Amino acid sequence: MPIHDPCALLNRLLEEPTESTWLEFKVDNKDPREIGEYVSALANSAMLAGRDRAFLVFGVEDRTKRRVGTELRLQQQKQGNEDFTNWLARMVEPRVFIEVLDFVCDGLAYSVVAIEPSYERPVKFAGTEFVRIGENKKKLAEFAEHERALWIATGRRRFETAVASSNVTADDVLVMLDPDPIYDLTAEPKPKNPQEIIRKMVDAGFLLDNLEGRFDITNLGAIMLARDVTAFPSIAGKTVRIVKYSGRDKSRSDFEQEGKKGYAVGFTGMMRFLMERLPKEEKYIDGVRRMVPHFPETAVREVIANALIHQDFMATGVGPVVEIYENRIEVTNPGNSLISTDRILDERRSRNEKLAATMRSFGLCEERGGGLDKTLIEIEAQHLPAPDFISSENSMRVVLFAPKPFGQMSKAEKLRACFFHCVLRWLTHDYMSNATLRERFSLAPEEYQAVSAVIGESIKLGRIAPADPDQGKRNARYVPYWAA
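Quick summary incoming for the structure in this document. Residue positions are given per chain, counting from 1 as you read along its sequence in written order. Selection of residues for local features in this predicted model requires a pLDDT of at least 70, selection of side-chain atom pairs for listing and counting requires 80 or more, and totals for whole chains, interfaces and linings are taken over all residues. Working from all heavy atoms in the structure, the side-chain values ignore hydrogens and water.

**Examining the nonpolar core**
For clarity, the threshold we go by: To define a nonpolar core, start from buried Ala, Val, Leu, Ile, Met, Phe, Trp, Tyr and Cys residues and group those joined through side-chain atoms within 4.5 Å. Three labels apply to residues, based on accessible area from a 1.4 Å probe with only protein chains included: buried if under 20% of the type maximum, exposed if over 50%, partly exposed otherwise in between. Here, two residues are considered to be in contact whenever any of their heavy atoms come within 4.5 Å of each other.
Grouped together as the largest cluster of nonpolar side chains are 87 residues, with contacts concentrated most on Met 201, Met 224, Val 300, Ile 304 and Met 359. With near-sequence residues (within four places) excluded, Val 300 lies in contact with Met 271, Leu 274, Met 275, Leu 278, Phe 295, Ile 329 and Leu 400. Residues Val 39, Leu 74, Val 92 and Val 96 belong to the second largest nonpolar core, which totals 40 residues.

**Observations concerning the pairing of strand S9 (residues 128–133)**
Rules: A pair of strands is considered paired only if DSSP assigns at least 2 bridges between the two. Only DSSP runs of H or I reaching four residues or more are called helices, and only runs of E reaching two or more are called strands; each is numbered from the N terminus.
Pairing of strand S8 (residues 124–125) with S9, which is carried by two bridges, proceeds in the antiparallel orientation. By the bridge assignment, Lys 124 is partnered in S9 with Glu 129. What sits between the antiparallel neighbours S8 and S9 is a turn of two residues, in which Ala 126 has the positive phi angle 50 degrees. Between S9 and the antiparallel strand that follows it, strand S10 (residues 136–139), lie two residues; Gly 134 among them carries a positive phi value of about 65 degrees.

**Regarding the environment of Ala 356**
Position of Ala 356 among the secondary structure elements: in helix H11 (residues 353–361). We classify Ala 356 as buried; its relative accessible area is 3%. Along the backbone, Ala 356 and Leu 308 are 48 residues apart, and their C-alpha atoms lie at a distance of 8.7 Å. For Ala 356, the residues in contact, after removing those within four places along its chain, are Ile 309 and Ser 350.

**Brief notes about the sheet that holds S9**
Strand pairing in a sheet is mediated by backbone hydrogen bonds. Such pairs are either parallel or antiparallel. Convention followed: In this description, a line fitted to the C-alpha atoms serves as the axis of each element, helices being fitted only across the stretch in contact, and the angle between N-to-C directions of two axes falls anywhere from 0 to 180 degrees.
Ordered by their spatial adjacency, four strands build an open sheet running S5-S8-S9-S10, and the pairing between neighbours is antiparallel. Across the chains shown, the open sheet's two edge strands, defined by having one partner strand only, are strand S5 (92–93) and S10. As paired elements, S9 and S10 share four bridges and run antiparallel to each other. Across the sheet, the residue bridging to Phe 130 is Lys 139, located in S10. Each of S5, S8, S9 and S10 touches helix H2 (residues 32–49); the most contacted strand, S9, lies at about 65 degrees to it.

**Remarks on the packing of aromatic side chains**
Heads up, the condition is: By convention, a stacked pair of Phe, Tyr or Trp rings (six-membered ring in the case of Trp) has centres within 6.5 Å and planes under 30 degrees apart, an edge-to-face pair has planes over 60 apart, and any other such pair is tilted.
The tally for this structure, following the rule as stated, stands at twelve aromatic pairs. For the ring pair Phe 255 and Phe 273, a centre distance of 5.8 Å and an interplane angle of 85 degrees mean the geometry is edge-to-face. Here Phe 273 lies in helix H9 (residues 263–276) and Phe 255 lies in strand S15 (residues 253–258), a separation of 18 residues in the sequence. In this structure Phe 255 comes out as partly exposed when scored by relative accessible area, which is 22%. Given the relative accessible area of 21%, Phe 273 is considered partly exposed. Relative to Trp 482, the ring of Trp 426 lies with its centre 4.9 Å away and its plane at 90 degrees, an arrangement referred to as edge-to-face.

Next up, the structure:
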């Protein structure tokens, strides 16, 4: 993020109580290699401190923080026959954003080097990594714990923390972002002071204080709170698109709708819009005739929330899609599944941890890892066909099916239902049996042989296994194949 007002930045940096691991003051230092080593040290230390930028400021005494100005002109300096800024960028790896600026404030000259940390690996200068330890610059290799921590920190960098719009005034923040969901969805009273709202948004990671009296809106802030996502190029195509087809294929569509609001702003309205347009059937509930959707709302909500959370934001031009057919719903997100679809209920891994945590804190999805579990529980409670999880190279698709009796299910559908029922039982520290599977399929006790056939085929195909290899057929119990 470029510096827009260097004097405002200088004033803000001088408000810091002391120098820190991400901030260094100097008066004059014309040794290019010394400056390069500080660039490495400050970048790495900023990453460890969770800062989005580090600063090396010339023209300020380090201990007194007295403004004295500098004779240094980094933008004019040469290293051999090469401009200093080009030389510095070439000597630093991996490539990071380094801004070198000479400026004048109140008649005194200053130079500043602003460095963004690497989100790939620790930053080297001339092949060596440095780090700030207290007020001292040291070689990173001499501090094994810092080195390990830095590698872990660089691996945590995610799309959510990158900047979607920079140098925005507080007033414009509230024009571009809707803060109401922060309070409405958490039942927290909304303060009347706009500055307190801005502070809350900074604390939540929706904004970054750019230290110049303005703010940078992060991708997380934009994707959650945008009044109009098209105002943010980095997330413009990441809202949910809903398409309804008139039959069981794509030959004829009834409508197509794409949202424009951030997830927290628009999720509730999107779910209402979607549920009103799902295929329905007539049922008597408490003696009253009602039109009930084929798909439980909880299951639909969790599958869509899961698609939003686990999508690959780096896949450009595509976002989550909900397709409604006569007999099913398909929810697709860009990015393949990070785990095997057979372990999708019991293993936990997310591309976008900050987004997931924010969605959970706003009550838009279940607690960590519980969403798809709850989806399967709701589907089994209504004796619906088991969902299908289809991971390809570039996308993940979840298919929810309309009601279908056991006798009309295909062999693949019966086997899939058997497997996921077995997984759900295992997750509750229990076992699947013929009786529990009959209940799952809504079958009478005398139909145990039909269920036995499904169990036998599942064992044959290696989908499930006996809980006890020596058990008899009577009261036999089963576990998923990976738990045997």
